[in-house]
Amino acid sequence: MPRARIVSVVGGSGGIGASVLTCSLAVNAMGRVLALDGRPFGGGLDVVLGLDEAPGLRWPDLAEAAGAIEAGRLLNSLPSGPMSVLSFDRRRPHQPAVDTIRRVVHALAEHVDLVLVDAPRPGEENFLPISDLCDDIIYLAGAGICEMASAIAGTAALADCAATGWLVVRRRRGYGDLPQALAASLDLPLLGSVPEDRKVEDLLDSGGMPGQVGSLRRSARELLEGLDLACR
């Protein structure tokens, strides 16, 4: 059975919306999709997906995982909606061992079509081990001065990754050709952009899933198509 494509989303700066983009891609991707939380102190990817009250296993439940992993049973034991999600749990802080991450990801990748990872930022723990598992890395950068400076500082770490790197810019109105200029500055191919959508925060507060409607859905689908991945 062919292994799933593994795509991570990495924030070029804090609060840029990497978790929201990860979930938006997961909501719109075709096939059996796994949204994987790679950030132990990010609050939980299940929260972003509105699945924080859904029953199922989280990373802390896999702390004692050893030997062969029954991936089919594990996958069916995860919280699910349009996708399955393996999330951290804010009530049980936990940093899984690198070997556990690798075994879990490799096992689950044999049972799904696509794995989308909300990955650590460069310099954070497990950035490189998780990046080494991926086929593609989407580097999400902002258009503000401080956001761009932070994104530039983090690009050196991407050079150490074997995965294909892509730039996505969180765009603002009136910034014209800035995404193309930033891509040239970072020496990354421009995959596309996503809008600054003020409605997203209200959507998350009400327990909705990002990327189901509006401009964020359109952008997520364009990015998936740019990666040659089918959309729902």
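Going by the structure above, here's the rest.
Small disclaimer: the values here were computed from a predicted structure and weren't measured.

Cut-offs applied
- Residues numbered from 1 in each chain as written.
- Predicted model: local features only at pLDDT ≥ 70, side-chain atom pairs only at ≥ 80, totals over all residues.
- Heavy atoms only, no water.
- Helix = DSSP H or I, 4+ residues; strand = E, 2+ residues; numbered from the N terminus.
- Buried < 20%, exposed > 50% of the residue type's maximum accessible area, 1.4 Å probe, protein only.
- Contact = heavy atoms within 4.5 Å.
- Areas by Shrake-Rupley, 256 points an atom, 1.4 Å probe, with all protein chains shown as cover.
- Lys, Arg positive; Asp, Glu negative; His and termini not counted.
- Charge placed at Lys NZ, Arg CZ, Asp CG, Glu CD.
- Polar contact = N/O pair within 3.5 Å; in protein donor to acceptor, adjacent residues only side chain to side chain.
- Arc of directions from axis to C-beta.
- Pairing = 2+ DSSP bridges.
- Right-handed = clockwise from strand over helix to strand, strands pointing away.
- Axes fitted to C-alpha atoms, helices over the stretch in contact; angles between N-to-C directions.
- Parallel < 35°, antiparallel > 145°, perpendicular 65-115°, else oblique.
- Nonpolar A, V, L, I, M, F, W, Y, C, P; charged D, E, K, R; others polar.
- Core = buried A, V, L, I, M, F, W, Y, C linked by side-chain atoms within 4.5 Å.
- Phe/Tyr/Trp six-rings, centres within 6.5 Å; stacked < 30°, edge-to-face > 60°.

Draft legend 1. Layout of the overall build of the protein chain. Within the protein chain one finds 9 helices and 7 strands. Seen through its C-alpha atoms, the protein chain measures out along the principal axes to roughly 50 × 40 × 35 Å. In the protein chain, buried positions account for 52% of the 232 residues. Of the contacts made within the protein chain by residues no fewer than 6 positions apart, 79% connect residues no fewer than 24 positions apart. Summed over all atoms, the accessible surface of the protein chain reaches about 10,500 Å², with 51% contributed by carbon and sulfur. Each charge class in the protein chain can be summarised by its mean position, and for the 22 positive and 29 negative side chains these summaries are 5 Å apart.

Draft legend 2. Main features of the side chain of D89. Tracing the sequence through the fold places D89 in the loop between β3 (84-86) and α4 (98-108). Judged by relative accessible area, which is 9%, D89 ranks as buried. At 2.9 Å, the side chain of D89 and the backbone nitrogen of R91 are in polar contact. Those residues within four positions of D89 in sequence are excluded, and the remaining contacts are R58 and P60.

Draft legend 3. Representation of helix α7 (residues 178-186). Residues L178, P179, L182, A183 and L186 constitute the buried set of α7. Along α7, the residues classed as buried sweep out an arc of 135 degrees about the axis, all on the same side. Opposite its buried face, α7 presents the exposed residues A184 and S185, each directed more than 90 degrees away. Looking at the buried side of α7, the elements it contacts are β5 (136-142), α6 (145-158), β6 (164-171) and β7 (190-195). The positive-phi residue at the C-terminal boundary of α7 is D187, with phi of around 60 degrees.

Draft legend 4. Quick peek at the environment of A230. On the secondary structure map, A230 appears in the segment after α9 (214-226). Looking at A230, the relative accessible area reads 48%, which means it is partly exposed. Taking the C-alpha atoms as reference points, A230 and G31, 199 residues apart in sequence, are found 8.2 Å from one another. When neighbours within four sequence positions are excluded, A230 is seen to be in contact with N28, A29 and M30.

Draft legend 5. Inspection of the pairing of β6 at higher detail. In terms of strand pairing, β5 meets β6 through 7 bridges, oriented parallel. For I137, the partnering residue across the bridge sits in β6 and is G165. This β-α-β element, β5 to α6 to β6, shows right-handed connectivity.

Draft legend 6. The arrangement of unusual backbone geometry in detail. Located in the positive-phi region is N126, a residue other than glycine, with phi close to 75 degrees. Structurally, N126 can be placed in the loop between β4 (114-118) and α5 (127-131). For D187, which is not a glycine, the phi torsion comes out positive at approximately 60 degrees. Its location among the elements puts D187 in the loop between α7 and β7. Judged by its relative accessible area of 67%, D187 falls in the exposed class.

Draft legend 7. Just the packing of helix α1 (residues 18-28) against α9, in detail. The geometry of α1 relative to α9 is characterised by a closest axis approach of 9 Å and an angle of 75 degrees between their N-to-C directions. One way to sum up the angle between α1 and α9 is to call them roughly perpendicular. Each of V20, L21, S24, L25 and N28 in α1 lies in contact with α9, whose residues at this interface are L216, R217, A220, R221, L223 and L224. When grouped by side-chain class, the residues that make up the contact of α1 with α9 number 7 nonpolar, 2 polar and 2 charged.

Draft legend 8. The nonpolar core, seen in detail. Within the largest apolar cluster, 44 residues are counted, with the highest numbers of intra-cluster contacts made by L86, V115 and L167. Per-element tally for this core: the top contributor is α4, with 5 residues. Residues within four places of V115 in sequence aside, it is in contact with A4, R5, I6, V7, L34, L36 and A109. Among the nonpolar cores identified, the runner-up in size contains 36 residues, and V33, A35, L49 and M83 belong to it.

Draft legend 9. Quick look at the packing of aromatic side chains. Going through the model one piece at a time under the given rule, you end up with 1 aromatic pair. Look at W59 and F88: their rings are 5.9 Å apart centre to centre, the planes differ by 25 degrees, and that puts the pair in the stacked class. You can see W59 sitting in the loop between α2 (45-48) and α3 (71-76) and its partner F88 sitting in the loop between β3 and α4, a full 29 residues away along the chain.

Honestly, it's all geometry; don't read function into it.
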